[in-house]
Amino acid sequence: MKIYDFALAPNPRRLRIFVAEKGLKIPVEQVDIFAGKNRTPEMLARNPAGGLPVIELDDGTHLAESVAICRYLESLHPEPNLMGKNSREQAEIEMWNRRVELGLFGAAGRAFQHTNELFKERLKQFPEYGETQRETTRQQLQWLDAQIGNKPFIATDRFTIADITAEVAVDFAAQLAGVTADPALRNLARWYQSVSSRPSANA
Amino acid sequence: MKIYDFTGAPNPRRVRVFLAEKGINNIPFEQVNLATADNRKPDFLKINPMGGIPVLELDDGTHIAESVAICRYFESVKPEPPLMGIDAKDKAVVEMWNRRMEFEVLGMAAGSFRNTSDFFKGRIPQVKEYGEVCKTAAVKRLEWLDTVLADREFIAGPRYTIADITALIGIDFGRTTQIRIQENQKNLARWHQAVSSRPSAKA
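Residues numbered from 1 in each chain as written. Chains lettered and ligands numbered in written order. Predicted model: local features only at pLDDT ≥ 70, side-chain atom pairs only at ≥ 80, totals over all residues.

### So, the overall build of chain B
So, step 1. If you tally the helices and strands in chain B, you get seven helices and four strands.
So, step 2. Order of helices (α) and strands (β) in chain B, N terminus to C terminus: β-α-β-α-β-β-α-α-α-α-α.
So, step 3. In terms of overall dimensions, chain B is globule-like: its C-alpha atoms have a radius of gyration of 17 Å, near the 17 Å expected for 203 residues.
So, step 4. Dimensions of chain B along its principal axes, counting C-alpha atoms only, are 50 × 45 × 30 Å.
So, step 5. Looking at chain B as a whole, 47% of its 203 residues are labelled buried.
So, step 6. A fraction of 66% describes how many contacts in chain B between residues 6 or more apart in sequence connect residues 24 or more apart. (Helix = DSSP H or I, 4+ residues; strand = E, 2+ residues; numbered from the N terminus. Rg over C-alpha atoms; globule rule 2.2 N^0.38 Å. Buried ≥ 20, exposed ≤ 12 C-beta atoms within 10 Å, placed from the backbone. Contact = placed C-beta atoms within 7 Å.)

So, in structure tokens, the structure goes:
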């Protein structure tokens, strides 16, 4: 088994944190997205959508999409549980993971793609659209702050994949999309401090 | 138990088709009119602070939002027929394909609609040029999907799954901005004909 990874991109980091929380050691191979190595014929044969991460199983099967890979690892190694122990929890955690993915993470991703130099040659950028997505990113951070309230974690009462997605999204928004969380968002700041001091955050 | 639904929107249809495939037909639906923004009113935001539809209300008052989270709940409480995979690897494969269909077909059709339609005028800041980019992306992904379906009956392999539901709804929703299956896309047309003629497609 091995993982095609890229240390600087947000989706591969979601998987690395997940793997670290599970206490697993899986070999990784770097694929430089900045140099377009994810679009070579070899990589497109592994993942025709061109994204990272991709996991290669021992039978040669390739699985793409971060959350699909996480779900595979969750099935093989159920503990510690990160995606729900029963029907109710699985639905609740998936709901929160998707809310953060489609809201904060998605908006930060679109802001990055439409405003960052890196994407100049790759796609048709609309800086005006990028700005609307920065504003959405700010709104989503406020929204998340209100939703976290006094809760220790995003979904259920323990650390789950929803925290991983949110943690990666907050860092990504700050580092690459030009939106840093306002320190006045106290709940968000408290939660962020807690999740980012876990050893997995360095993965 | 009940489901907050809106018959005119694509995401609620995903859950209705899923339930029809499961043979679950005893859950009451309550309409929430998106056209008059009833999903943005304070009472509804208590049910789903993201404001989206559909939402599942469990008998203990818990609310589960996000179509796929709702589907996962029903997959767990009623595993047959399986629509989200049968073992660890298959579950990951189905999730991978469902996510590809979500981001690249349904997501692009939605990006096209949100940024160009009169429906969203005044509701969100529209960037028409970006809507056109989404449309072009969706059209390209349909070309690719046609090649994927050359050697398999359904999107994720030999069995009908949630990925077919998402793709069906993405393609049907694409009609709102003239994203259509082309005449030379015989595999895609064959698949669309097959999934559209299942009784669930009318749900």
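There is more to say after this.
### A look at the interface of chain B and chain A
So, step 1. Contacts between the two partners involve 28 residues from chain B, matched on the other side by 28 residues from chain A.
So, step 2. When contributions to the side of chain B that touches chain A are tallied by element, the ones reaching two or more residues are β4 (63-65), α3 (67-77), α4 (88-116) and α5 (128-148) of chain B.
So, step 3. Across the side of chain B that touches chain A, the residue classes tally to 18 nonpolar, one polar and nine charged. (Nonpolar A, V, L, I, M, F, W, Y, C, P; charged D, E, K, R; others polar.)

### Observations concerning helix α6 (residues 162-174) of chain B
In an α-helix there are 3.6 residues to a turn, and that puts residues three or four apart on one side.
So, step 1. For α6(B), with 13 residues, the first-to-last C-alpha span of 18 Å sits near the 18 Å given by 1.5 Å per residue.
So, step 2. Buried residues dominate α6(B), accounting for twelve of its 13 residues. (Expected span 1.5 Å × (residues − 1).)

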